[in-house]
Amino acid sequence: MVLDKLKSKFESKIEKAIGGTSIRPPPYPSLPASRREIFKYRLQVGTNIGGWFMLEKWLAPSLHSSNKSSDDSELAAVSASVKDIGLDRTRAKWDHHYDSFLNDEDWTWLAKAHVNAIRVPLGYYVLGAAFVRGTPFVEVAGVYENAWAKYKGMLELARTHNIGVLVDLHAVPGGANADSHSGVSGGGKFFSSSLHVSLALECIEYIAREVKDYDNVIGIQVVNEASYGAAAEKYYVHAAQKIREIDPTQIIVISDGWDRGKYAEFVKDKPGMLVDTHVYKCFSEADKCNAPNQLVAAAAMEWLDTTMIVGEFSCTLDTQTWNRVSKSDRAKFRAEYGRVQFNRFAQNSAGFYFWTFKFEQGSGGEWDYREMVNSGCIPIYERTKHKVTSNGEQESRLAVQAHAAYWDSQVKGEKMEHSRYQDGFLTGWRDAAQFWAEDESRIGQRTSWKNARVQQHVQKNGNSKYLWEFEQGFDTGTQALLQSVL
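What you see is a predicted model, and the numbers here were worked out from it, not measured in a lab.

### Comments concerning the overall build of the chain
Piece 1. Helix and strand counts for the chain come out as 18 helices and eight strands.
Piece 2. For 486 residues, the compact-globule estimate of 2.2 N^0.38 gives 23 Å, and the chain sits close to it at 24 Å.
Piece 3. Residues counted as buried form 56% of the 486 residues belonging to the chain.
Piece 4. For the chain, the proportion of contacts with a sequence separation of at least 24, taken over those separated by at least 6, is 77%.
Piece 5. With an accessible surface of roughly 20,700 Å², the chain has 52% of that area assigned to carbon and sulfur atoms.
Piece 6. Counting 57 positive and 60 negative side-chain charges, the chain places the averaged centre of each group 1 Å from the other.

In structure tokens, the structure reads:
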């Protein structure tokens, strides 16, 4: 009873601070779709750029050179550096890192590898001094004076290479979990603090306003790896409200809190909201007990849908797993594991991002995207250079004939509405053709996109018990277009 009252009191404080529960849905996609819409809704194929605007010691150890403690967090690194060499020199050191972590050759490689999206984590303290009050970063806020401007410069560079960016608020005040990649060690206090939640919402609002005019910002992720069982739903709703008030078109990404099914259900009636799930088979005791071929088979059956992104995955398996096969077989299984993951994610999610692109020093092995691509463990979408030469009219007539012949033989004495099937086919064909024209992209958020087109069709043509004909036609049209160019 006492716990229930305390929980109710906390939730009422959050509600009072940040309002009701309805989320403004995104507008229906335009006809034809805009480049901005294609950026957001295409299948996102890419990598994280970890260690850039959100430090992790194993990725960027040079910024921890003053930190002699066992604490691997960014707070420990920056605090030790300020104490050692002063604030101004620390800011210069951090600025150099932001300017040099990705170079021109890296961007060129990403484009040639047909990466169309990157997930770029950042800490809330990167946004500036106004967003660190009441947190440990207030003492070192001056280090981050130029950081957000440099993050926005990254958005510009990505756009020149036709690469979308998922802006990932990786570290929130208090930490969404106890790991050091929350900016502090021993965190996990975020969801239990109304002050932390309110400050994070200010961060979200600021980010939404700042990136609104970037057509290649493909979403805003409001938290990374929320702890299992965290009471996250209210924060997700209010973060979405803040974003949609500023930019009704923006995609919102939430963490699954290691409970994929729960949050898949949560977003089901929230168009334009995606669940970020992380797929690693190297940490749990159950996975460590499996042989590589068992984990390859499991990867081929990974449960996902197009309301989800795989925000992190790798080719890494635990030593116990590798010890179950000979060393000579490891390269073969590593490649199988990577390729199976790629194909499963491409078919059953809205996008996927390897963890991570590069390491400051040397190779990251099975965690290193570039190495895994170059070794053939992670495929790339080779460009076919095939152009769409048909508007779909002839293909739709043939498809409608086949559709009508089948269904008219099955449904006797009732007039069906095959014109809806034809409308759906042409809509699907032309949408898929437009995505294809943008660097051979495919529709990623297929369910959300189709549902929007269905509603547009109803607005124009009215509802019907044969609305399924439009839906079936849309699916057939998108598939037929891709078959014509692949």
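### Let's talk about helix α16 (residues 418-437)
Since there are 3.6 residues in each turn of an α-helix, residues three or four apart along the chain are aligned in direction.
Piece 1. Here α16 is 20 residues long and its end C-alpha atoms lie 29 Å apart, about the 28 Å a rise of 1.5 Å per residue gives.
Piece 2. The element α16 is largely enclosed, with a buried count of 14 among its 20 residues.
Piece 3. Of the residues one or two after α16, Asp439 is the one with positive phi, at around 60 degrees.

### Quick word on the side chain of Gln456
Piece 1. Checked against the element boundaries, Gln456 lands in helix α17 (residues 446-461).
Piece 2. Leaving out residues up to four positions away in the same chain, Gln456 has contacts with Tyr28, Pro29 and Leu31.

### Observations regarding the packing of α17 against helix α18 (residues 467-485)
Piece 1. One can describe the packing of α17 onto α18 by two numbers: an axis separation of 10 Å at closest approach and a directional angle of 135 degrees. Classified by the angle between their axes, α17 and α18 sit oblique to one another. Note on packing geometry: the crossing formed by α17 with α18 is right-handed. Packed against α17, whose contacting residues are Trp449, Lys450, Arg453, Val454, His457 and Val458, the element α18 presents Leu467, Phe470, Glu471, Phe474 and Asp475 at the interface.

### Describing the pattern of salt bridges
In a structure, side chains of opposite charge can pair up when their charged atoms sit close to one another.
Piece 1. This model, assessed by the stated rule, comprises 32 salt bridges.
Piece 2. A single salt-bridge network, built from bridges that share partners, covers Arg35, Glu156, Arg159, Asp215 and Glu438.

### Some points on helix α6 (residues 147-160)
Piece 1. Counted at 1.5 Å a residue, the expected span for α6 with its 14 residues is 20 Å, and the 20 Å between its end C-alpha atoms agrees.
Piece 2. Among the residues making up α6, those that are buried are Ala147, Trp148, Tyr151, Met154, Leu155 and Ala158. Within α6, the buried residues cover an arc of 100 degrees as seen down the axis, which keeps them to one side. Structural note: α6 exposes Ala149 and Thr160 on the side pointing more than 90 degrees away from its buried face.
Piece 3. Those residues of α6 that are buried are in contact with α4 (87-100), α5 (104-112), β2 (117-123), β3 (164-171), α7 (194-211) and β4 (217-221).
Piece 4. Within two residues after α6, Asn162 carries a phi angle of roughly 60 degrees, on the positive side.

### What about the environment of Asp431?
Piece 1. With respect to the element layout, Asp431 can be found in helix α16.
Piece 2. In sequence terms Asp431 and Val411 are 20 residues apart; their C-alpha atoms lie 30 Å from each other.
Piece 3. With near-sequence residues (within four places) excluded, Asp431 lies in contact with Ile443, Trp449, Arg453 and Phe474.
Piece 4. Here the side chain of Asp431 touches Trp449 through a polar contact of 2.8 Å, side chain to side chain.

### Things to note about the pairing of β4
Piece 1. By the criterion of burial, β4 is predominantly enclosed, with five of the five residues buried.
Piece 2. Pairing analysis gives four bridges linking β3 to β4, with the strands arranged parallel. Residue Asp168 lies in a different strand from β4, and its bridge partner there is Gln221.
Piece 3. Remark: the β3/α7/β4 crossover connection has right-handed handedness.
Piece 4. Viewed along the sheet, the connection from β4 through helix α8 (residues 233-246) into strand β5 (residues 252-255) turns out right-handed.

### Quick notes on the confidence of the model for the chain
Piece 1. The pLDDT averaged across the chain works out to 95; a share of 96% of its residues lies at or above 70.
Piece 2. Residue range residues 1-8 is modelled with pLDDT below 50. Its contacts to residues more than four positions away, or to other chains, number zero contacts.
Piece 3. This model gives residues 13-18 a pLDDT under 50, and the stretch forms 14 contacts once residues within four places in sequence are excluded.

### Some remarks on the packing of aromatic side chains
Piece 1. Scanning the model with the defined rule gives 38 aromatic pairs in all.
Piece 2. Considering the side-chain rings of Phe53 and Tyr98, the 4.8 Å spacing of their centres and the 10 degrees angle between planes classify their relative orientation as stacked. Placement of the pair is Phe53 in the loop between β1 (44-48) and α3 (74-85) and Tyr98 in helix α4, with a sequence separation of 45 residues.
Piece 3. By relative accessible area, Phe53 is classed as buried at 1%.
Piece 4. Ring pairing ties together the aromatic residues Trp109, Phe313, Phe342, Phe345, Phe352, Phe354, Phe357, Tyr369 and Tyr381, which thus form one cluster.
Piece 5. When the ring centre of Phe333 is taken as reference, the NZ or CZ atom of Lys332 above it lies at 4.6 Å.
Piece 6. The positively charged end of Arg334 is found above the aromatic ring belonging to Trp322, 5.3 Å away from the centroid.

Thresholds, definitions, all that
- Residues numbered from 1 in each chain as written.
- Predicted model: local features only at pLDDT ≥ 70, side-chain atom pairs only at ≥ 80, totals over all residues.
- Heavy atoms only, no water.
- Helix = DSSP H or I, 4+ residues; strand = E, 2+ residues; numbered from the N terminus.
- Rg over C-alpha atoms; globule rule 2.2 N^0.38 Å.
- Buried < 20%, exposed > 50% of the residue type's maximum accessible area, 1.4 Å probe, protein only.
- Contact = heavy atoms within 4.5 Å.
- Areas by Shrake-Rupley, 256 points an atom, 1.4 Å probe, with all protein chains shown as cover.
- Lys, Arg positive; Asp, Glu negative; His and termini not counted.
- Charge placed at Lys NZ, Arg CZ, Asp CG, Glu CD.
- Expected span 1.5 Å × (residues − 1).
- Axes fitted to C-alpha atoms, helices over the stretch in contact; angles between N-to-C directions.
- Parallel < 35°, antiparallel > 145°, perpendicular 65-115°, else oblique.
- Left-handed = near helix turned anticlockwise from the far one by under 90°.
- Salt bridge = Lys/Arg side-chain N within 4 Å of Asp/Glu carboxyl O.
- Arc of directions from axis to C-beta.
- Polar contact = N/O pair within 3.5 Å; in protein donor to acceptor, adjacent residues only side chain to side chain.
- Pairing = 2+ DSSP bridges.
- Right-handed = clockwise from strand over helix to strand, strands pointing away.
- pLDDT = per-residue confidence, 0-100.
- Phe/Tyr/Trp six-rings, centres within 6.5 Å; stacked < 30°, edge-to-face > 60°.
- Lys NZ or Arg CZ within 6 Å of the ring centre and 35° of its normal.

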